Amino acid sequence: MIQKELTELTDEELLQEAKKKKSAALTNAVLIGFLAGVIFFSVMRNSLGFLTLIPLFFIYKLVNNSKYDNKELENLLKGRGLK
């Protein structure tokens, strides 16, 4: 399936995309918190090691994993009067 640009989406699809963004943000926040706890436990139990860097890499990927720009989505929602 070819991904559409945000401007090509209908109003309903745009609202669904906003809901997906909110749920993805919550899921990412929970995963980042869990991984931060793993890092904290690892540092307190042992010392800073190579295995501590693996959760840091996953946190970095979760933070930078974004399908669309959030500001672009918000501007389109406001422009169409949907939110």
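The residue numbers shown here count from 1 along each chain, following its written sequence. Residues qualify for local features only when their pLDDT is at least 70, as the model is predicted, and side-chain atom pairs are given and counted only at 80 or more; totals for whole chains, interfaces and linings, by contrast, use all residues. Just so you know, side-chain values use all the structure's heavy atoms and leave hydrogens and water out.

Grouping into patches uses exposed residues only, defined as over 30% relative accessible area, and leaves out salt-bridged ones; the cut-off is 9 Å for like charges and 5 Å for nonpolar side chains (Val, Leu, Ile, Met, Phe, Trp, Tyr). For the accessible areas, the method is Shrake-Rupley and the probe is 1.4 Å, while residue cover comes only from the protein chains on display. Only one rule defines a salt bridge in this text: a Lys or Arg side-chain nitrogen within 4 Å of an Asp or Glu carboxyl oxygen. Together, Phe50, Leu51, Leu53, Ile54, Leu56, Phe57, Phe58 and Tyr60 make up a nonpolar patch on the protein surface, roughly 870 Å² of accessible area in all. For helices the rule is a DSSP run of H or I covering at least 4 residues; for strands it is a run of E covering at least 2, with both sets numbered from the N terminus onward. Within the fold, Leu51 resides in helix α2 (residues 50-64).

Here Leu26 is to be found in helix α1 (residues 11-45). The spatial distance from the C-alpha of Leu26 to the C-alpha of Ala36 is 15 Å, given a sequence separation of ten residues.

Our focus in this paragraph is α1. Helix length check: α1 (35 residues) gives 51 Å between terminal C-alpha atoms against 51 Å at 1.5 Å per residue, within 8%. Only protein chains enter the accessibility calculation, which uses a 1.4 Å probe. A residue is then buried if its area is under 20% of the maximum for its type, exposed if over 50%, and partly exposed in between. Along α1, the positions that sit buried rather than exposed are Leu14, Glu17, Ala18, Lys21, Leu35, Ile39 and Ser42. Contact partners of the buried residues in α1: α2 and α3 (70-79). Every helix has an expected span of 1.5 Å times one less than the residues it contains. Contacts are assigned to residue pairs that have any heavy atoms within 4.5 Å of one another.

Without other data, these values stay purely geometric and don't point to any function.
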